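# A closer look at the structure
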Amino acid sequence: MTDIITLFSDPATWIALLTLIVLEVVLGIDNLVFVAILSNKLPPEQQRRARRIGIALALILRLVLLAAIAWIISLSAPLFDLGWVGPVGEHGQPAFETAFSGRDLILIAGGLFLVWKATKEVHHAVDPEASGDMLDKKGHVAVSFGAAIAQIAALNLVFSIDSILTAIGMTDDVPVMAVAIVVTVGIMFLAADPLARFIEHNPTVVMLALAFLLMIGAVLIADGFGVHVPKGYIYAAMGFSVLVELLNILARKRRERLAAAGTAGAAH
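So, a few notes on the structure that sits alongside this text.

Criteria and thresholds
- Residues numbered from 1 in each chain as written.
- Predicted model: local features only at pLDDT ≥ 70, side-chain atom pairs only at ≥ 80, totals over all residues.
- Heavy atoms only, no water.
- Helix = DSSP H or I, 4+ residues; strand = E, 2+ residues; numbered from the N terminus.
- Buried < 20%, exposed > 50% of the residue type's maximum accessible area, 1.4 Å probe, protein only.
- Contact = heavy atoms within 4.5 Å.
- Axes fitted to C-alpha atoms, helices over the stretch in contact; angles between N-to-C directions.
- Parallel < 35°, antiparallel > 145°, perpendicular 65-115°, else oblique.
- Nonpolar A, V, L, I, M, F, W, Y, C, P; charged D, E, K, R; others polar.
- Phe/Tyr/Trp six-rings, centres within 6.5 Å; stacked < 30°, edge-to-face > 60°.
- Salt bridge = Lys/Arg side-chain N within 4 Å of Asp/Glu carboxyl O.
- Left-handed = near helix turned anticlockwise from the far one by under 90°.
- Core = buried A, V, L, I, M, F, W, Y, C linked by side-chain atoms within 4.5 Å.

Scanning the chain from N- to C-terminus turns up nine helices and two strands. Traced from its N-terminal end to its C-terminal end, the chain shows the element sequence α-α-α-α-β-β-α-α-α-α-α. Per-residue burial for the chain yields a buried fraction of 38% across its 268 residues. Looking at the chain alone, contacts between residues at least 24 apart form 76% of all its contacts between residues at least 6 apart.

This next bit is on the packing of helix H7 (residues 174–201) against helix H8 (residues 203–224). Relative orientation and spacing of two packed helices are given, respectively, by the angle between their axes and the distance between those axes. Between H7 and H8, the least distance of the axes is 5 Å, while the angle of their chain directions is 115 degrees. The angle between the axes of H7 and H8 places the two elements in the roughly perpendicular class. Along its contact with H7, which presents Phe198, Ile199 and His201, the element H8 presents Pro203, Val205 and Val206. Here the residues of the contact of H7 with H8 sort into five nonpolar, one polar and no charged.

Scanning all chains against the criterion turns up three aromatic pairs. Centre to centre, the rings of Phe100 and Phe225 are 5.5 Å apart; their planes meet at 85 degrees, and the pair counts as edge-to-face. Here Phe100 is found in strand E2 (residues 99–101), whereas its partner Phe225 is found in the loop between H8 and helix H9 (231–267), with 125 residues between them in sequence. Note on Phe225: relative accessible area 31%, which makes it partly exposed.

Turning our attention to the environment of Asp162. Secondary-structure assignment places Asp162 in helix H6 (residues 145–170). Residues Asp162 and Ile72, spaced 90 residues apart in sequence, show a C-alpha to C-alpha distance of 9.8 Å. Discounting chain neighbours no more than four positions away, the residues touching Asp162 are Arg103 and Lys231.

In a structure, side chains of opposite charge can pair up when their charged atoms sit close to one another. This structure, assessed with the given rule, holds three salt bridges. Between Arg51 and Asp193 there is a salt bridge; the shortest N-O distance is 2.8 Å. With Arg51 in helix H3 (residues 44–67) and Asp193 in helix H7, this residue pair connects regions lying 142 residues apart in the sequence. As far as burial versus exposure is concerned, Arg51 and Asp193 are alike and both buried. Close ionic contact of Asp193 with Arg52 constitutes a salt bridge, the shortest N to O distance being 2.8 Å. Highlighted residues: Asp193 in helix H7 and Arg52 in helix H3, separated in sequence by 141 residues. You can call Asp193 buried: its relative accessible area is 8%. Each of Arg48, Arg51, Arg52 and Asp193 takes part in a single network of salt bridges with overlapping partners.

Another aspect to go through is the packing of H3 against H7. At a closest axis distance of 10 Å, the pairing of H3 and H7 adopts a crossing angle of 170 degrees. In terms of axis orientation, H3 runs roughly antiparallel to H7. The element H3 and its partner H7 pack so that their crossing is right-handed. Counted together, Arg48, Arg51, Arg52, Ile55, Leu59, Arg62, Leu63 and Leu66 of H3 and Val174, Met177, Ala178, Ile181, Val182, Val185, Met188, Phe189, Ala192, Asp193 and Ala196 of H7 form the full contact between these two elements.

In terms of nonpolar packing, the biggest core is built from 36 residues, with Phe34, Ile37, Leu114 and Leu213 touching the most fellow members. Elements that contribute at least two residues to this core include exactly helix H2 (11–39), helix H5 (102–126), H6, H7, H8 and H9. It is H8 that provides the largest number of residues to this core, a total of 10 residues. Excluding residues within four positions of it along the chain, Ile37 makes contact with Ile199, Ala209, Leu210 and Leu213. Counting residues in each nonpolar core, the second largest holds 21 residues, with Ile55, Leu65, Met177 and Ile181 among its members.

As structure tokens, this is what we get:
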């Protein structure tokens, strides 16, 4: 207890904590968007419960992985090397890493799942009658509560490992990482329902969110192969896209109000 009090009495600890919280919140956006999209496919009475369970799983997984921090660090150690026979880069280095660690395999598997899931949802959004899958009243692929939770749990594992590895890179103090994780998941808990409602009430945002998930999946796969795309570029592109979509929503609502006012005036 004395060590923890001493730790948090250091201003540098609070700076590290705030920086880590901001970074974890940014990384948690991907997780939250996936939970929102998948929970919106369930019946209304099950949606909030699915989001609560999904976010609770995110917290539990992150804390469990934090407790197993030695194992998490070991995931960065190469498991095998395939060798290289392909093209090389500018400095004579392989274009892709050929030594794969446990983290790389998890990122590649998670990225492939995310690309598959997002592509499937985009396909059904564009042509909902093209396959024999059961559709709900909104034209989405119907999914059971258990299947939704299983998919959320699978992606939570990928995002949780990425989150913990990021935290390890920021600080060596486990209590700081634990506080940052709890605060971050608390923010996700508060933002889950408003984000899900916003996505639900603005159908064009769903396609944008699916495009984000597709891009994030591709980035995870690239990261697994050692091609590191700066996260700042990804989130800057996402932020710009969201800004453009918000302007489109505001313009559309203004046109609808003007049209409604014109109809009411004509009626009088």
